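Below are the chains, spelled out letter by letter.
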Amino acid sequence: MGSMFDENDFLACCGSTKFAKEMVAAGPFSTHQDAIHAARDIWFNKVDVNGWLEAFAAHPQIGQSPSPDHKSPTFAQWSKGEQSTALATATDSTLQELFEGNARYREKFGFFFLICASGRSTPEILAELKIRYQNRPIIEFEIAAQEQTKITELRLSKLFSDKTDTAPTIKPLSTTNIATKAEEDRVNIIGAHLTAATGAKPAHIPKRTRPPITTHVLDTSRGCPANGIEVRLEMWKDNQARPQFGKDNFGGWIILGSSATDKDGRSGQLMNMVEALDPGVYRISFNTGRYNPDGFFPYVSIVFEIRESQKWDHFHVPLLLSPFSLSTYRGS
């Protein structure tokens, strides 16, 4: 199926040229889920800031129709469909409010307000616009990138569905045996269920291209990535107990690795490249006191648990740091 897709197909999903080229290079994809995993990795690890901005700029302003000369007619068609609920629930006054809100947003952040609008009404979008307008630019940039991920994944689903529906049912290659292929597909599906039950790696999950736990730090007070913060990753190894809030948790933590953030705020490798993570409790710590001796946090530790069903996942744990607050979220 993956061989059907070219650069124009992936440009319809995400307006970044770099993203489209990398997706073609990463393919072919045997399943929709393989494409999703590759898209997340490419978007967050291979597309740079300019690529993000190019993707943001490809979208029409919320409440307006795409340009008739858009570089991807499919992109424009999908954008129009995704905004159909918003346009159906809009009035002259709410459209004017959207227009004015978008103008203020662009003046503050440098790009138009981006949101996965599919199925969302104009009042919902306006409420979100007002909330996100209060954000610092570095935080809003990350949120817009996450919204682009939602849009990309929605469109990849459409892309696979459309290609499947229009694919020829008879292939001219003499080596193709449709009956045999169907039987192989059934075996693969059954095998995926069996391997999931036994703890083996599911067939649809691609080989890792980076360690399963990664991080980066954004300094929201300066509006830039935080360079040079020491980072340490540990795992709780005491089989007799588990770390608990309000209790001494000494002796059970084992260091897996340490590094420092680079100019992009990303840490180096914090653990070995393993396919399956050991389920358990992990702690990632940031030496924020050395980074900013006058700051509010001498250090920051984040404790999280990875369960058996999650051992094949990737965990990206960014830290958004300001003088008096911090926030984290788990990425793809």
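Residues numbered from 1 in each chain as written. Predicted model: local features only at pLDDT ≥ 70, side-chain atom pairs only at ≥ 80, totals over all residues. Heavy atoms only, no water.

### Describing the packing of aromatic side chains
Working step 1: Taken as a whole and judged by the stated rule, the model has 18 aromatic pairs.
Working step 2: Their ring planes at 35° and their centres at 6.4 Å tell us that phenylalanine 109 and phenylalanine 111 sit as a pair that is tilted. Each member of the pair, phenylalanine 109 as well as phenylalanine 111, is classed as buried.
Working step 3: Here phenylalanine 109 and tyrosine 133 contribute two aromatic rings whose centre-to-centre distance is 6.4 Å and whose plane-to-plane angle is 85°, an arrangement assigned as edge-to-face. In this pair, phenylalanine 109 sits in helix H7 (residues 92-109) while tyrosine 133 sits in the loop between helix H8 (122-132) and helix H9 (137-166), placing the two residues 24 residues apart along the sequence. (Phe/Tyr/Trp six-rings, centres within 6.5 Å; stacked < 30°, edge-to-face > 60°. Buried < 20%, exposed > 50% of the residue type's maximum accessible area, 1.4 Å probe, protein only. Helix = DSSP H or I, 4+ residues; strand = E, 2+ residues; numbered from the N terminus.)

### Examining the pattern of salt bridges
Working step 1: Within this structure, the stated rule accounts for 15 salt bridges.
Working step 2: Between arginine 40 and glutamate 153 there is a salt bridge whose closest N-O contact spans 2.6 Å. Here the residue arginine 40 occupies a position in helix H3 (residues 32-45), and glutamate 153 occupies one in helix H9, the gap between them amounting to 113 residues.
Working step 3: Residue classification places arginine 40 among the partly exposed residues on the basis of a relative accessible area of 26%.
Working step 4: Among the charged side chains, a network of salt bridges with common partners joins Glu82, Arg155 and Lys158. (Salt bridge = Lys/Arg side-chain N within 4 Å of Asp/Glu carboxyl O.)

### A look at the pairing of strand E4 (residues 230-236)
Working step 1: Counting buried residues along E4, five of its seven residues qualify, which places the element largely inside the surrounding structure.
Working step 2: Note: E4 against strand E6 (residues 280-286), five bridges, orientation antiparallel. Within the sheet, the bridge partner assigned to methionine 235 lies in E6 and is tyrosine 282. (Pairing = 2+ DSSP bridges.)

### Looking at the sheet that holds strand E7 (residues 300-306)
Working step 1: Spatially, the four strands line up as an open sheet ordered E5-E4-E6-E7, and their pairing is antiparallel. In this open sheet, the two edge strands, each paired with only one partner strand, are strand E5 (253-260) and E7. Pairwise comparison of adjacent strand axes, ignoring direction, gives a mean angle of 20° for this sheet. (Axes fitted to C-alpha atoms, helices over the stretch in contact; angles between N-to-C directions.)

By themselves these figures say nothing about function.
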